[in-house]
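These are the residues of each chain, in order.
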Amino acid sequence: MQFRGRIWILDEDDINTDVIYPGKYTYELFSEEEMASHALEDFDSSFAENVREGDMIVAGGNFGCGSSREQAVTCLKYAGVKAVIAASFARIYYRNAINQAFYPIECPDASRYAREHAKELEKSEISLNPQNGTVAFGEKVFNFSPLTDKALEIFDAGGLVAYTKKKIG
Amino acid sequence: MGSTMIEEILARSSGGESASVGDILFVRPHRILSHDNSAAILGIFKKLGGKKVWDQDRIFIALDHAVPPPDAKKAKSHTMIREFVREQGIRYFYEGGTGICHQVLPEHGHVLPGVVIFGSDSHTTTHGAFGAAGIPIGRTETASVWALGETWLRVPPTIKIELNGEMLEGVTPKDIILYVIGNITADGATYRAVEFHGPVTSKMDMSGRMTICNMAAEMGAKAAMIPFDSTTGEWLEKVTDAEYQPVLPDDNAEYERVLAIDCSEITPQVARPHKVDNVVPVSELGETRIDVALLGTCTNGRIEDLRQAAAVLEGKKISEGVRLLVYPASKRVLKEAVDEGIISILLESGAQVAIPACGPCLGAYGGVLAPGENCVSTANRNFKGRMGCKEDTGIYLASPATVAASALEGKIVSYF
């Protein structure tokens, strides 16, 4: 499986759940579209209107730190974002992403490269192969460890809702 | 080789003999906690085909994040939760105003040493203060646990943090943990468990231990634990007669890293905007005016915290133009504060005292900031926009004593 998409380079470490999805919306039961419309609102207020289906995000370390709010994953997913490629993820964010079948790609080399070349790479197309564990910026290819064991089982089921549904029988 | 606390606790909670770092186990919690987000969780529970929860006596729900509800939508979420609680016969439901989930859970005897607490809230790490493993998970995962009674976890490596030396006069557990986070950084314990040891930890009361474990979420920890001792035992005696079997780390347990902190060097600390690890001593902060002082929340809303603030505020008036908001962590705390005369002291100083709940900490209601305002807060996060407004606002995290002293001065100062 290979995805191609434009990248948004968020050139910061510790991008937290509050700037991805503000707390004032966390206890509203929003539709998918409404959630998507607030994606990254307090980080880059132009993101939601300019993001396109299939786009990917590249960020620094500890992406998604802070609250356990799952909308920090789903708002990006519903906005059409295919994957987040980061140097590392906060633990709850990582689990939430798996549970929503949304790719959390941990690849410090790709993150560093994109941030160092942010000017020329911003909004350029990259390709991502989550199965083989490769991400390519043109000729420049980086490897990462693909998902393993339990995480993959949940991911393959299409997320934790589908996985649990199957288990309940 | 011996076991760390998390290894032993996860082994026990998954029905195994032992567990080692990297093992994937199916863990069954003693309690699973959620709050106002239960409205969303119950929706997911239905979507994943859930009919009856796996055990109505292990699910804990406390309304606290939007209490009392500021609008009809949030009020309706509460109604949905109450209906679900009735339908399912969920035994441990706490109405809005009882307090913040992380205070109510131990206060009502739900946290026991050696157990696993899952929580659909990132500050579930708080419960490690009782020698339990408080492990935060997301909403969908919580719905799945409601249905199945278990979820998978990878056994994490453990960082041992020794709090050595002695705390200086006027220094509080909040200052210690801010200092530690500044040192270890915001992702210093990601995917890891943390154990706090050392003489300062042993001498600390349960309130301080809860502050420490609560804030460990801000270094990315999966769980943060303090070994059971007589302080834990005496506190628990007042809230439960349940039997429990504490888990202590083995002498030959293997730690990934040992971090020794000399607390004798630590003065009052403050975390500057917009990251929790952006920590400096208050004395090095430079002139910083404030508009709001927030005292309370799950980090520092206990009676010990209110006493600290009252000692600073007694007989004095807060600076003109400053709003001092007080959110006690629970009704029990509030009652105690009333009985001790602390609430009178706070009110007379000019404070606004609110219903026990999360308040403006998460920016949804109850005292959010206006553009351009600064807040000094006893809460646990200072992210941009966290208190409901991102336009040129700044949140500074500090101890209850520092928050009180700053309210008096209109700028951030420590009491000592």
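Predicted model, so just to flag it, every value in this text is computed and none were measured.

## Focus: helix α10 (residues 160-168) of chain A
Here's step 1: Within α10(A) the residues assigned to the buried category are A:L160, A:V161, A:Y163 and A:T164. All buried residues of α10(A) fall inside an arc of 165° around its axis, so they share one side.
Here's step 2: If you follow the buried residues of α10(A), they end up packed against α6 (91-99) and α9 (149-157) of chain A together with β1 (24-27), α2 (38-47) and α5 (139-148) of chain B.
Here's step 3: Immediately beyond the C-terminal end of α10(A), within one or two residues, lies A:G169, with a positive phi of roughly 85°.

## Quick look at the domain arrangement of chain B
Residue and element names in this part refer to chain B.
Here's step 1: Along its sequence, chain B is carved into domain 1 (5-261) and domain 2 (270-409).
Here's step 2: Taking only C-alpha atoms into account, the centre of domain 1 sits 24 Å from that of domain 2.
Here's step 3: Counting from both sides, the interface comprises 33 residues of domain 1 and, opposite them, 33 residues of domain 2.
Here's step 4: Summed over both sides, the interface of domain 1 with domain 2 buries roughly 2700 Å², with 59% coming from carbon and sulfur.

## Looking at the side chain of B:T232
All names here are of chain B.
Here's step 1: Examined against the element boundaries, T232 turns out to sit in helix α9 (residues 230-237).
Here's step 2: At a separation of 3.4 Å, a polar atom in the side chain of T232 contacts the side chain of R209.
Here's step 3: Among residues more than four places away in sequence, those in contact with T232 are A129, F130, M206, R209 and P227.

## Thoughts on the environment of A:F3
All names here are of chain A.
Here's step 1: Relative to the helices and strands, F3 is located in strand β1 (residues 3-10).
Here's step 2: A relative accessible area of 14% means that F3 is categorised as buried.
Here's step 3: Excluding residues within four positions of it along the chain, F3 makes contact with M56, K82, Y103, I126, S127, L128 and P130.

Analysis parameters
Residues numbered from 1 in each chain as written. Chains lettered and ligands numbered in written order. Predicted model: local features only at pLDDT ≥ 70, side-chain atom pairs only at ≥ 80, totals over all residues. Heavy atoms only, no water. Buried < 20%, exposed > 50% of the residue type's maximum accessible area, 1.4 Å probe, protein only. Helix = DSSP H or I, 4+ residues; strand = E, 2+ residues; numbered from the N terminus. Arc of directions from axis to C-beta. Contact = heavy atoms within 4.5 Å. Domains from an automatic or database assignment. Buried area = accessible area lost by both parts, 1.4 Å probe. Polar contact = N/O pair within 3.5 Å; in protein donor to acceptor, adjacent residues only side chain to side chain.

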